[in-house]
Amino acid sequence: MARSETLSAREARWLAIAAQGLGSPLDRGPGRAPGAARLAGLLGSVGTIQLDAVNVLERTQYLVPFSRLGPYDRRLLGRMSGPGRRWFEYWGHAASLLPVELYSLFRPRMEGRSRDLLRHPLAEERRRRWRAEHAGYLEVVLAEIAERGPLAASELSDPRRRVGEWWERRSDGRRALESLFTDGVLSAWRTDNFERVYDLTERVIPAEVLAEPSPDPEEADRALLAVAARCLGVATVADLADYFWLSAPLARPRVAELVEEGRLVPVAVEGWRHPAYAPATPRPRPPRRRHATLLSPFDSLIWRRERTERLFGFRYRIEIYVPAPRRQFGYYVLPLLRGDELVARLDLKADRRAGVLRVAAAHGEPGADPDAVARDAATELVRLGRWLGLGRVVAVDKGDLGPALAGALECPSDD
């Protein structure tokens, strides 16, 4: 066993922020908006970007690059995935964009799903039963894709629409396509309206990637955990497993093997109850970013809420599905990263018809200087609004940071 390194709680934050590409200043030179190469490098640094349909502000897959690169052309993101492209979509951390270099590592997961091997026996049984009952229909759907080419569920000849609530409203056509997608038989990408389009995997994933041998499940898990460690900076076994939705009990022996191989270093972090691991001997450095950064609710820095509390002392929950009278901070709340601290929560909405970025509520964290936080938040909100094509930012007097933020927005800095 390698000797355990020791980190302070603040040094752990520095490592996490740097690993996520959030510690460097933005390049704001004129005419130097980040291009495709910078986007590709970003995905390499974070390993995966979660997809989500909520568009009250902007979909999370667009916000994650904005937080790290600043204003960029959102159309570039749509061009990164699809037939022959270098990103693919799969169940990484929920529905996610992933670099094709990781494709072979998900093959064991695809093969397991094709045999209906899930973590939960009831889910396995439901899946097996549905596939058995619709075996003929699955064959028809696959044949139609093979013959007609890329199709969305709504474009199937016989989508077999259903009625019901929530997931029960999914048509049999969508369920068939999702099943074949999960099995790896089909691959998919998104339209501008966030609709999945499906085609045969051999017509989507580059041939040289498909030609790579499939690793055994343990080897694939080891490799994914090593990627997670690089993207997290420092993390417990549970943190590492969560990054690509692996089972923590199954991840534990794989992490031990990575330590034995010298690919991970044991780390003791101040205040953490469980051992942590880093991809190399930790060299924590303070963040060099001097401006504040808004984080999507689905940003990979704060995915695992328990880790967010350990790192930042910041308890964060998404309240989208909480009835409005019971919400504490708002509907779509973005944490604000300032230096190495999460200092505020802003409930944001893009009012596209009025051309306004609305701040429905603003709450500061205990101990944070409200005037300084408000100034930095105003600067970042103006930058975000311009990127979204919104002419104004309007804050209402709601939340303890509301009055200071409204005042700062009257004369925001242009840093």
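As a starting point, this report considers the structure included with it. (Residues numbered from 1 in each chain as written. Predicted model: local features only at pLDDT ≥ 70, side-chain atom pairs only at ≥ 80, totals over all residues. Heavy atoms only, no water.)

### So, the nonpolar core
Link 1 in the chain: One finds Leu57, Leu240, Leu348, Leu384 and Leu405 to be the most contacted residues of the largest nonpolar core, which totals 107 residues.
Link 2 in the chain: The leading source of residues in this core is helix 10 (residues 217-232), at 10 residues.
Link 3 in the chain: The residues contacting Leu405, other than those within four sequence positions of it, are Leu346, Val359, Ala362, Ala374, Ala377, Ala378, Leu381 and Ala395.
Link 4 in the chain: Among the nonpolar cores identified, the runner-up in size contains 23 residues, and Leu7, Ala16, Val234 and Val269 belong to it. (Core = buried A, V, L, I, M, F, W, Y, C linked by side-chain atoms within 4.5 Å. Buried < 20%, exposed > 50% of the residue type's maximum accessible area, 1.4 Å probe, protein only. Helix = DSSP H or I, 4+ residues; strand = E, 2+ residues; numbered from the N terminus. Contact = heavy atoms within 4.5 Å.)

### Brief notes about helix 3 (residues 60-69)
Link 1 in the chain: With 10 of its 10 residues buried, helix 3 lies for the most part within the structure.
Link 2 in the chain: For helix 3, the complete set of buried residues consists of Thr60, Gln61, Tyr62, Leu63, Val64, Pro65, Phe66, Ser67, Arg68 and Leu69.
Link 3 in the chain: Tucked inside the fold, the buried residues of helix 3 contact helix 2 (36-46), strand 2 (49-50), helix 4 (75-78), strand 9 (293-294) and helix 14 (370-387).
Link 4 in the chain: One or two residues past the end of helix 3 sits Gly70, with phi positive at roughly 80°.

### Some remarks on the pattern of salt bridges
Link 1 in the chain: Across all of its chains, the model carries 31 salt bridges by this definition.
Link 2 in the chain: Its salt-bridge partner being Arg222, residue Glu257 comes within 2.6 Å of it at the nearest N-O pair. Remark: Arg222 occurs in helix 10 and Glu257 occurs in helix 12 (residues 248-260); sequence separation between them is 35 residues.
Link 3 in the chain: Its relative accessible area of 25% is what places Glu257 among the partly exposed residues.
Link 4 in the chain: Its salt-bridge partner being Arg383, residue Glu380 comes within 2.2 Å of it at the nearest N-O pair. Note that Glu380 and Arg383 are positioned in helix 14 at a spacing of 3 residues, about one turn of the helix. Considered together, Glu380 and Arg383 belong to a single accessibility category, that of buried residues.
Link 5 in the chain: Three or more residues joined by partner-sharing salt bridges are found here, namely Glu218, Arg222, Arg254, Glu257, Glu261 and Arg263. (Salt bridge = Lys/Arg side-chain N within 4 Å of Asp/Glu carboxyl O.)

### So, unusual backbone geometry
Link 1 in the chain: Positioned with a positive phi, Ala94 is a non-glycine residue whose angle comes to about 60°.
Link 2 in the chain: Within the fold, Ala94 resides in strand 4 (residues 94-99).
Link 3 in the chain: One non-glycine residue, Trp245, adopts positive backbone phi at about 55°.
Link 4 in the chain: With respect to the secondary-structure elements, Trp245 resides in the loop between helix 11 (237-243) and helix 12.
Link 5 in the chain: Residue classification places Trp245 among the partly exposed positions, given a relative accessible area of 41%.

### Focus on the packing of aromatic side chains
Link 1 in the chain: Under the criterion given, the structure shown has 11 aromatic pairs.
Link 2 in the chain: Between Phe88 and Phe106, the ring centres sit 6.3 Å apart and the planes meet at 70°, which makes this aromatic pair edge-to-face. Remark: Phe106 occurs in the loop between strand 4 and helix 5 (107-114) and Phe88 occurs in strand 3 (residues 87-92); sequence separation between them is 18 residues.
Link 3 in the chain: An aromatic cluster is built from Phe88, Tyr90, Tyr103, Phe106, Phe181, Tyr198, Tyr243, Phe244 and Trp303, whose rings are joined through pairwise contacts.
Link 4 in the chain: The cationic tip of Arg345 hangs over the ring face of Phe314; the distance from NZ or CZ to the ring centre is 3.9 Å.
Link 5 in the chain: One residue, Arg345, lies across the ring of Phe329, its end atom 4.3 Å from the ring centre. (Phe/Tyr/Trp six-rings, centres within 6.5 Å; stacked < 30°, edge-to-face > 60°. Lys NZ or Arg CZ within 6 Å of the ring centre and 35° of its normal.)

### Topic: the sheet that holds strand 11 (residues 341-351)
Strand pairs in the sheet, formed through backbone hydrogen bonds, run parallel or antiparallel to each other.
Link 1 in the chain: In space, the 5 strands of this open sheet follow the order 9-10-11-12-13, with mixed pairing throughout. Two strands in the sheet have a free side with no partner beyond their single neighbour: strand 9 and strand 13 (392-395).
Link 2 in the chain: Packing against the sheet, helix 15 (residues 402-409) makes contact with strand 11, strand 12 (356-364) and strand 13, and its axis sits at approximately 155° to strand 13. (Pairing = 2+ DSSP bridges. Axes fitted to C-alpha atoms, helices over the stretch in contact; angles between N-to-C directions.)

### Description of the packing of helix 3 against helix 14
In a packed pair of helices, the relevant descriptors are the angle between the two axes and the axis-to-axis distance.
Link 1 in the chain: Running from amino to carboxyl end, helix 3 crosses helix 14 at an angle of 130°, the nearest separation of the two axes being 12 Å. By the angle class used here, helix 3 and helix 14 are oblique. Handedness of the crossing formed by helix 3 with helix 14: right-handed. Contact with helix 3, carried on its side by Tyr62, Leu63 and Phe66, involves Glu380, Arg383, Leu384 and Trp387 of helix 14 and no other residues of that element.
Link 2 in the chain: The residue makeup of the contact of helix 3 with helix 14, split by class, is 5 nonpolar, no polar and 2 charged. (Parallel < 35°, antiparallel > 145°, perpendicular 65-115°, else oblique. Left-handed = near helix turned anticlockwise from the far one by under 90°. Nonpolar A, V, L, I, M, F, W, Y, C, P; charged D, E, K, R; others polar.)

### Overview of the pairing of strand 3
Link 1 in the chain: Extensive coverage of strand 3 is indicated by the burial of 5 of its 6 residues.
Link 2 in the chain: Here 6 bridges tie strand 3 to strand 4, and the two strands are oriented antiparallel to one another. Note that in strand 4 the partner of Phe88 across the bridge is Leu98.
Link 3 in the chain: Turn length for the strand 3-strand 4 hairpin, with the two strands adjacent in sequence and antiparallel, is 1 residue.

### Points about the side chain of Arg59
Link 1 in the chain: With respect to the helices and strands, the residue Arg59 is situated in the loop between strand 2 and helix 3.
Link 2 in the chain: Salt bridges are absent for the buried Arg59, whose nearest opposite-charge side chain, Glu58, sits at 5.2 Å.
Link 3 in the chain: A polar atom in the side chain of Arg59 sits 3.3 Å from the backbone oxygen of Ala53.
Link 4 in the chain: Sequence-distant contacts of Arg59, that is, excluding residues within four places in its chain, are made with Asp52, Ala53, Val54, Asp192, Asn193 and Phe194. (Lys, Arg positive; Asp, Glu negative; His and termini not counted. Polar contact = N/O pair within 3.5 Å; in protein donor to acceptor, adjacent residues only side chain to side chain.)

Everything listed here is a matter of coordinates, which is why it stays silent on function.
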